[in-house]
Amino acid sequence: MKSIDITGGNTLCGEVAIQGSKNAALPLLAASVLIKGVSVIHNCPRISDIFSMIKILESIGCKVRFTGHCLEIDAKDITSTALPEEYVKVMRSSIIFIGAMLARKKEVSIHYPGGCVIGERPIDMHLGALERLGVEFTEAEETIRANAGKLKGNEIFLPFPSVGATQNIVLAAVFAEGVTVIKGAAKEPEVTEVCRFLQKAGARIHGIGTETLEIEGVDSLKETEFTVVPDRIVAGTYLLAGAATRGAVLLENAPVHQMDSLLLMLRNMGAKLHVEQDCIFLNGEEADRAIPFMETKVYPGFPTDLQSPLMAVLARADGISIIRETIFENRFRVAKELNRMGARIFLKENQALIYGVERLSGMDVKAEELRGGAALVIAGLLAQGKTKIDGLSYIERGYEDIVRDLKCLGAKIEKS
Ligand code: UD1
């Protein structure tokens, strides 16, 4: 298994450009299935989750070309409705192929999706909502088969604003007869982006960015070009790395308007920020304050995906911090590894009590999932001595090249 070696203690200083967003790009790949022709997706990150999605697209008959960061998907002929278990299992986002395939082919069979080990992650809301559009499901040996003679618009209420379920329903509803109304929809930018892509292709979607989405069925979509927004989680990770090392970091091509909750958090920690158009400059010299209480929330609240990286920074803050995780119940796995490095983090149910310590010590640690892995990288940067992080492949699911990017900021970091 590939790993990352870090010699800690360096103050990060420099500038880095932010890659395209993983979570915004993935549903666009599924959405391309709705277009009987070519979709061109610019600024697509070259990360393993995207490569897995490409494999799924190819297995159902799409022709795909990925040159640099430009992805071209020709979905003129869809030849199969069975999604390959091998790729579906590694990535939870494969679930949104259900909505896309139902829209295009009226049927799909898919193995239960995988993804990061950050909680139970059921798909009941996806399935329940799609049933309201007339889809019938049968399950056998961990495979779900979905059929829809005719998809019919309906009113759907989501008890929780699930990002994936909202995306799935929107995709399924694009060609449904009549109007579909989603109440309690997720407002995350990654939902907004797939709606904008579909809209550009000719879909009729109202209420984009609000908790009520209305999708008026259309007959077909046209070929479309679209540019993926920069990744707010990657941008946040690098700002937190800058704050952790009390450094000075300039992000270029950052999704500034999607990052309010993190920027506020960083200011509360004592960082100085200067924000301009699509650039963020952070001076982390005084970013040493603890955060007495914070909780993860749906957008525009503090993203659960940045909770572990934040925890790594707070591990060395001046004082006691409390983090409450409200989205995924199992997202404190990295605390155990941080404690091995000298952190003092105590977990109780969905809360972490973090006593800031003066120093972390470098050692061999193991990434078990994507964002926890990013947290260990931050811990390695601020620790004294050498840290080896096993499980680079988890980190590569979301970060195109975290080693390259952190080197730009002056980190002593290598792949091994
Ligand atoms: C997406 C993101 C993920 C992010 C999360 C929350 C992608 C590829 N992943 O994941 O990085 O952390 O949004 O912003 O975009 N739930 C159910 N039943 C369901 C669906 C969800 O109980 O049918 C629960 C989940 O277990 C979780 C919560 O709802 O506790 C939020 O999940 P959801 O918003 O669906 O997250 P994902 O779309 O999986």
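Residues numbered from 1 in each chain as written. Predicted model: local features only at pLDDT ≥ 70, side-chain atom pairs only at ≥ 80, totals over all residues. Heavy atoms only, no water.

Participant: Help me get a handle on the overall build of the protein chain, residues and values and all.
Facilitator: When you go through the protein chain residue by residue, the secondary structure sums to 14 helices and 23 strands. For the protein chain, the C-alpha radius of gyration of 21 Å lies close to 22 Å, the compact-globule estimate for 416 residues. With respect to the principal axes defined by its C-alpha atoms, the protein chain has extents near 65 × 45 × 40 Å. A burial count over the protein chain gives 57% of its 416 residues as buried. Contacts spanning at least 24 positions in sequence make up 71% of the contacts within the protein chain whose residues lie at least 6 apart. When the accessible area of the protein chain is evaluated, it comes to approximately 16400 Å², of which 48% is carbon and sulfur surface. Taken as two groups, the 48 positive and 53 negative side-chain charges of the protein chain have centres that lie 1 Å from each other. (Helix = DSSP H or I, 4+ residues; strand = E, 2+ residues; numbered from the N terminus. Rg over C-alpha atoms; globule rule 2.2 N^0.38 Å. Buried < 20%, exposed > 50% of the residue type's maximum accessible area, 1.4 Å probe, protein only. Contact = heavy atoms within 4.5 Å. Areas by Shrake-Rupley, 256 points an atom, 1.4 Å probe, with all protein chains shown as cover. Lys, Arg positive; Asp, Glu negative; His and termini not counted. Charge placed at Lys NZ, Arg CZ, Asp CG, Glu CD.)

Participant: Explain the sheet that holds strand S3 (residues 38–42) residue by residue, including any values.
Facilitator: Read from one edge to the other, the open sheet built from four strands follows the order S4-S5-S3-S13, with strand pairing classed as mixed. Strands at the two margins of the open sheet, each flanked by one partner only, are strand S4 (63–67) and strand S13 (224–227). Pairs of neighbouring strands in the sheet enclose a mean axial angle of 15 degrees, with direction left out of account. (Pairing = 2+ DSSP bridges. Axes fitted to C-alpha atoms, helices over the stretch in contact; angles between N-to-C directions.)

Participant: Tell me what's going on with helix H8 (residues 232–244), and back it up with residues and numbers.
Facilitator: Relative to the 18 Å expected for 13 residues at 1.5 Å per residue, H8 spans 18 Å between its end C-alpha atoms, a close match to the ideal helical length. Where burial is concerned, most of H8 is hidden: 13 out of the 13 residues are buried. Positive phi appears at Arg246, one or two residues downstream of H8, with a value of about 55 degrees. (Expected span 1.5 Å × (residues − 1).)

Participant: Please give an account of the side chain of Asp305 that cites residues and values.
Facilitator: Here Asp305 shows up in the loop between strand S17 (294–295) and helix H10 (307–314). According to the relative accessible area criterion, Asp305 is buried, its value standing at 14%. One polar contact links Asp305 to Arg331, side chain to side chain, over a distance of 2.7 Å. Dropping the residues within four chain positions of it, Asp305 is found in contact with Asn23, Ile233, Arg331 and Arg371. (Polar contact = N/O pair within 3.5 Å; in protein donor to acceptor, adjacent residues only side chain to side chain.)

Participant: So what about the pattern of salt bridges? Which residues, and what values?
Facilitator: All chains considered together, the criterion is met by 23 salt bridges. For Glu177, the salt bridge identified is with Lys150, shortest N-O distance 3.6 Å. One end of the pair, Glu177, is in the loop between helix H6 (163–173) and strand S10 (179–183); the other, Lys150, is in the loop between strand S8 (143–147) and strand S9 (155–157), and 27 residues separate them in sequence. Overall, the relative accessible area of 40% leaves Glu177 in the partly exposed class. (Salt bridge = Lys/Arg side-chain N within 4 Å of Asp/Glu carboxyl O.)

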